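Spelled out, the chains give:
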Amino acid sequence: MSLYSEIGGEGAVNAAVDIFYRKVLKDDRIKRFFEGVDMNKQAAKQKAFLTMAFGGPHNYSGADMRKGHAHLVARGLNDTHFDAVMEHLGATLTELKVPGNLIAQAAAIAESTRKDVLGK
Amino acid sequence: MSKVIYGGQSYECGESSILDCLTAQGVPVPSSCRSGVCQTCMMRVVEGEVPEKAKAGLKPTLAAQNYFLACSCYPENDVEVVLPEAGLGKLEARVTSVEYLNGDILGIRLKPSRLFEYKAGQFINLFKDEITARCYSLASVPALDEELFLNVRKVPSGLVSGWVFSSLKVGDAITISEASGDCFYVPGNSEQDILLIATGSGLAPLYGIIRDALLSGHQGKLSLYHGSYNTDGFYLVEELRRLAQTHPNFNYVPCISEGEAKAGYAPGMVLDIALADNPDLSGWRVFLCGNPNMVNTAKQQTFFAGASMRDIFADPF
């Protein structure tokens with residue numbers, strides 16, 4: 001069974017997106033990166049991110065990740081901000097009572113994008 | 001084999017998605033995740049039907065307007081599609097009434113020259129001339145009102161509102177666009193509570209949405225908060241108070257942000273009052289219209305108060 005179906009597939013993504021996005025927007029460390037962004041479009045992107053982290057279907061390449069975050073790197077996006085997002089991912093899944101071993105797998109997938117997201 | 005028509009050209013899709021089919025032939029359709037999630041490749045079908053699967057994850061108001069995701073769309077029959085920003089059709093309408101709703105807002109009623117499909121709360125463009133147009137929300141409800149009903153606020157040195165206030169009169173023929181926008185009531189989930197917040201003429205779409213919801217037999221709460229500096233800014237007050245008397249689930253709270261409190265009006269900022277009365281919005285549907293600052297703040301605040309992003313609908317004008 002794949003990680004995506006073990007976590008609960010699209011239903012899990014839908015349950016997670018509001019919780020995760022609320023945490024991100026309330027976090028003083030990172031909320032400035034989301035100011036002035038259309039919240040509906042952003043929520044759709046958060047869903048895409050969670051789908052990927054949950055091992056679901058996606059076609060993002062490392063190059064896409066670089067391109068998509070370059071404007072944020074230019075505004076100072078760094079490891080501490082990435083860490084904050086990782087924290088919220090873990091906390092969201094814990095809140096949804098996802099078993100620890102699955103959270104670890106999702107975190108590992110998200111972690112694997114760090115270099116590309118931060119343009120390193 | 002099904003064909004896809006875009007921009008007057010016909011394309012053979014074969015086994016591929018509409019996104020792959022069009023981009024392979026040089027049509028610039030924006031895309032990102034290509035997995036039916038990020039919604040970057042959203043298009044609209046104007047002729048024929050796309051499979052339901054291509055609408056998965058879209059807000060119900062978008063699905064109701066025939067939007068779909070090109071990356072997850074494998075058409076089963078011929079379809080004609082457009083990008084979301086494709087221009088709306090224009091038509092002529094006749095002005096049938098012009099009346100002051102308050103000192104700053106005119107109520108305009110229009111009779112379209114041809115069949116006009118819309119949902120209460122969507123907006124149309126009103127053209128002053130070939131190139132000068134502004135958006136106005138529809139306060140009318142197709143099943144209740146024979147004519148289109150707009151609320152036009154006088155904007156200082158506004159090109160279109162200035163023209164409406166100084167010269168528009170009954171009998172004039174003017175140009176409008178077809179209706180657009182995703183701020184409207186979708187039937188279903190009739191037990192869901194609904195919060196509606198407006199400032200100024202942002203009341204227009206909400207007046208339409210409320211009457212549309214009540215007509216559909218909505219059972220959940222409908223709580224409307226209308227904000228203004230003082231009592232002069234309100235309008236449709238009697239109509240709304242009457243609706244509240246006849247529909248126990250509808251609640252109308254006019255809010256005054258400046259000056260002294262008066263009986264029948266809540267003192268304070270409209271958003272603060274709405275959130276104080278309804279601190280937990282988990283499971284609610286939310287409609288926000290009016291001043292862009294209020295709308296943007298309210299989007300975030302109602303989301304923080306528990307409303308799902310999927311259930312928040314807003315028009316910042």
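Before reading further, recall that the structure is shown in the block above.
Computed from a prediction, not measured in an experiment: that's the story for all the values here.

(A) Highlighting the environment of Ala213 of chain B. Residue and element names in this part refer to chain B. Within the secondary structure, Ala213 is located in helix 4 (residues 203-215). Along the backbone, Ala213 and Pro187 are 26 residues apart, and their C-alpha atoms lie at a distance of 7.4 Å. Look past the residues within four positions of Ala213 in its chain and what remains in contact with it is Tyr185, Ile194, His218 and Leu222.

(B) Fine view of the interface of chain B and chain A. Facing the twelve residues of chain B at the interface are 17 residues of chain A. Class assignment of the residues belonging to the side of chain B that touches chain A gives a composition of six nonpolar, four polar and two charged.

(C) A look at helix 3 (residues 159-167) of chain B. Residue and element names in this part refer to chain B. Val160, Ser161 and Val164 are the residues of helix 3 that are buried. Seen from one end, helix 3 has its buried residues packed into an arc of 95°, which puts them on one side. Structural note: helix 3 exposes Ser166 and Ser167 on the side pointing more than 90 degrees away from its buried face. As for helix 3, its buried residues are in contact with strand 7 (105-112), strand 8 (123-127), strand 9 (133-137) and strand 10 (148-153).

(D) Up close: the sheet that holds strand 3 (residues 42-47) of chain B. Residue and element names in this part refer to chain B. Ordered by their spatial adjacency, five strands build an open sheet running 2-1-5-3-4, and the pairing between neighbours is mixed. Only two strands of the sheet have a single neighbouring strand rather than two, namely strand 2 (9-12) and strand 4 (67-69). Put simply, the sheet's adjacent strands are angled 40° from each other on average, direction ignored.

(E) Unusual backbone geometry, seen in detail. Although it is not a glycine, Lys97 of chain A sits at a positive phi angle of roughly 60°. Mapping Lys97 of chain A onto the fold places it in the loop between helix 5 (79-95) and helix 6 (100-111). The backbone phi angle of Asn66 of chain B is positive, close to 70°, even though this residue is not glycine. With respect to the helices, strands and loops of the structure, Asn66 of chain B is situated in the loop between helix 2 (60-63) and strand 4. Classification of Asn66 of chain B by C-beta neighbours within 10 Å gives partly exposed; the count is 18.

Calculation notes
Residues numbered from 1 in each chain as written. Chains lettered and ligands numbered in written order. Predicted model: local features only at pLDDT ≥ 70, side-chain atom pairs only at ≥ 80, totals over all residues. Helix = DSSP H or I, 4+ residues; strand = E, 2+ residues; numbered from the N terminus. Contact = placed C-beta atoms within 7 Å. Nonpolar A, V, L, I, M, F, W, Y, C, P; charged D, E, K, R; others polar. Buried ≥ 20, exposed ≤ 12 C-beta atoms within 10 Å, placed from the backbone. Arc of directions from axis to C-beta. Pairing = 2+ DSSP bridges. Axes fitted to C-alpha atoms, helices over the stretch in contact; angles between N-to-C directions.

Function-wise, these values are silent; they only describe arrangement.
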